[in-house]
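Structure assessment
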Number of protein chains: 2
Amino acid sequence: MAATETLTAERILEATEEVLRRYGPAKATVVDVARALGVSHGSVYRHFRTKAALREAVTERWLERNVTELRPYAEGPGPAAERLTGWLEHLFALKRQKAGGDPELMATFQVLIGENSAVVDRHVEHLVAQIAAVLADGVRDGVFAAGDHGVTATARAVFDATDRFHDPAHAADWAAPGIEDDFRAVVSLVTRGLRA
Amino acid sequence: MAATETLTAERILEATEEVLRRYGPAKATVVDVARALGVSHGSVYRHFRTKAALREAVTERWLERNVTELRPYAEGPGPAAERLTGWLEHLFALKRQKAGGDPELMATFQVLIGENSAVVDRHVEHLVAQIAAVLADGVRDGVFAAGDHGVTATARAVFDATDRFHDPAHAADWAAPGIEDDFRAVVSLVTRGLRA
């Protein structure tokens, strides 16, 4: 990679992801990242003060890609019920794709996720906020009820109730026969539970 | 233990659970079980033909205790909606108790569960059948709808939608502050989704 390109945080994070993919989370070092970029490790440390900060940032970037992908469902336009189903289907598809398409990278990020629980908590908050936005639109349009616990708690309940289809702890189930039927049955139960 | 007592399968399973608790799943042997019972290992093998068969039977016994505990909710009497909530609350309580009360034994059974996926599948079927029995009563009484996918698929959806509160993969969350609120919000969403 040309060292003459401006060294941005984004370029460092891209290279870090690639280094993690290649060497695994136990062996990847900041020196490996610097070498991949053709820069000194001091240049990397000017953007990320510690190895831990770099690993946290790459974890956040990896997780938050989902939030970007799901934004069209969260923001609309479109009927709230369809957007919610679309959001859940798209999240399940993204997760299956990550788990099935590149199991080594998935395993790597499972290690990073274990190290960075605060990043995961923030990420879950972002996803729950997207669900809450759809629910609020549905309540406004009279198709959803706010629920006994308010929109945010109900959004969290939707996220929790569908966790078999997005939590990496369940990734081993995602290639099982019948998993799509199980998914549709849960989505149907949940959307019925939201009806005004 | 007195070797003169009749050596039953149940006594062997009790002793096996104790031996597993003491030595862990990697080290526990059939000889340890025989020694704990004061019998020869041949006597144990007359009841369980292989070590694998013994481990499978002890796993099944451990899991199926939940089914016995939950039977009053499954069979009634009582209104279906209350029985369903009671069943879900009781299962969550049993799981938290196992995870919090004896983490070593829980870890041991996590290993055994990993070895015996057919036992786990049968156990899940038994639990789903209990939910289905409650749903069928609710449909008969006009308080639940059968759902778009039929009673058994809906029962499975109820089981899946609440898995954050019974699947050992989520055991680390069960002592978190707010977990009871999360549980109640999911149960509320699910029971609303079942309404006729």
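Because the structure is predicted, anything quoted here is derived from the model rather than measured. (Residues numbered from 1 in each chain as written. Chains lettered and ligands numbered in written order. Predicted model: local features only at pLDDT ≥ 70, side-chain atom pairs only at ≥ 80, totals over all residues. Heavy atoms only, no water.)

Considerations on the domain arrangement of chain A
Residue and element names in this part refer to chain A. Note the cut-off: Domain borders in the structure are assigned automatically or taken from a domain database. Contacts are assigned to residue pairs with any non-hydrogen atoms lying within 4.5 Å of each other. Two parts placed together each lose some accessible area under a 1.4 Å probe, and the buried area is that loss summed for both.
One can read the domain layout of chain A as domain 1 (9–47) and domain 2 (59–194). In this structure, domain 1 and domain 2 have C-alpha centres spaced 30 Å apart. Taken residue by residue, the interface counts eight residues in domain 1 and nine residues in domain 2. Carbon and sulfur atoms make up 58% of the area that domain 1 and domain 2 hide from each other, which totals about 750 Å².

A closer look at the packing of helix H4 (residues 51–75) of chain A against helix H5 (residues 80–101) of chain A
Helix-helix packing: each pair is described by the crossing angle between the helix axes and the interaxial distance. All names here are of chain A. Basically, it comes down to this: Here an axis means a line fitted to C-alpha atoms, over the contact stretch when the element is a helix, while the angle between two N-to-C directions is reported on a 0 to 180 degree scale. The helix count covers DSSP runs of H or I at least four residues long, the strand count covers runs of E at least two residues long, and both are numbered beginning at the N terminus. Every angle not falling under 35 degrees, over 145, or within 65 to 115 is termed oblique; those three ranges are roughly parallel, roughly antiparallel and roughly perpendicular. Two helices crossing with the near one rotated counterclockwise from the far one by less than a right angle form a left-handed crossing, whereas a clockwise rotation gives a right-handed crossing. Only Asp, Glu, Lys and Arg are considered charged in this grouping, and only Ala, Val, Leu, Ile, Met, Phe, Trp, Tyr, Cys and Pro are considered nonpolar; every other residue, Gly among them, is considered polar.
At a closest axis distance of 9 Å, the pairing of H4 and H5 adopts a crossing angle of 155°. In terms of orientation, H4 lies roughly antiparallel with respect to H5. Of the two possible hands of crossing, H4 and H5 adopt the one that is right-handed. Of H5, the residues touching H4 (which contributes Trp62, Asn66, Glu69, Leu70, Tyr73, Ala74 and Glu75) are Arg83, Gly86, Trp87, His90, Leu91, Leu94, Lys95 and Lys98. When the residues that make up the contact of H4 with H5 are grouped by side-chain class, the tally is seven nonpolar, three polar and five charged.

Things to note about the UniProt feature "domain: HTH tetR-type" (unreviewed entry) in chain A
To keep things clear, this is the line we draw: UniProt positions are given in the numbering used here, feature names are shortened, and annotations may be inferred rather than shown by experiment.
Mapped onto the present numbering, the UniProt feature "domain: HTH tetR-type" (unreviewed entry) falls at residues 6–66 of chain A. Along residues 6–66 of chain A, the helical share is 75% and the strand share 0%, with 27 Å between the first and last C-alpha atoms.

Quick notes on empty space enclosed by the protein
Stated precisely, the cut-off is as follows: A 1.4 Å probe that fits but cannot get out identifies a cavity on a 1 Å grid over protein atoms alone, an open set with protein on both sides within 12 Å along at least five of seven lines counts as a pocket, and a residue lines either if it has an atom within 4 Å of a point. Grid points are joined across faces, edges and corners, and a volume is the space filled by probe spheres set on the points.
Summed over the entire model, instances satisfying the criterion amount to five cavities of 30 Å³ or more. Empty space within the largest cavity amounts to approximately 80 Å³. Residue lining of the largest cavity: 13 residues in total, with Gly147, Asp148 and Thr154 of chain A together with Leu189 and Arg192 of chain B positioned closest to the centre. Among the elements that make up the lining of the largest cavity, the one with the highest residue count is helix H9 (residues 179–194) of chain B (four residues). Residues belonging to the lining of the largest cavity are distributed by class as follows: six nonpolar, five polar and two charged.

Let's talk about the interface of chain A and chain B
Definition in use: For this analysis, a salt bridge means a side-chain nitrogen from Lys or Arg found within 4 Å of a carboxyl oxygen belonging to Asp or Glu. N or O atoms within 3.5 Å of each other form a polar contact, as long as, within protein, one can give a hydrogen and the other can take it, and as long as residues adjacent in sequence are counted only when both atoms are side-chain atoms.
Facing the 26 residues of chain A at the interface are 26 residues of chain B. When chain A packs against chain B, close to 2100 Å² is buried across both sides, 56% of that on carbon and sulfur atoms. In this assembly, chain A and chain B are joined by two salt bridges. Two residues, Asp160 of chain A and Arg164 of chain B, come together in a salt bridge whose shortest N-O distance is 2.9 Å. In this assembly, chain A and chain B are joined by nine residue pairs in polar contact (both at pLDDT 80 or more). For the side of chain A that touches chain B, the secondary-structure elements that each account for two or more residues are helix H8 (151–161) and helix H9 (179–194) of chain A. Here the element with the most residues in the side of chain A that touches chain B is H9 of chain A; it accounts for ten residues. A breakdown of the residues in the side of chain A that touches chain B according to their chemical character gives twelve nonpolar, four polar and ten charged.

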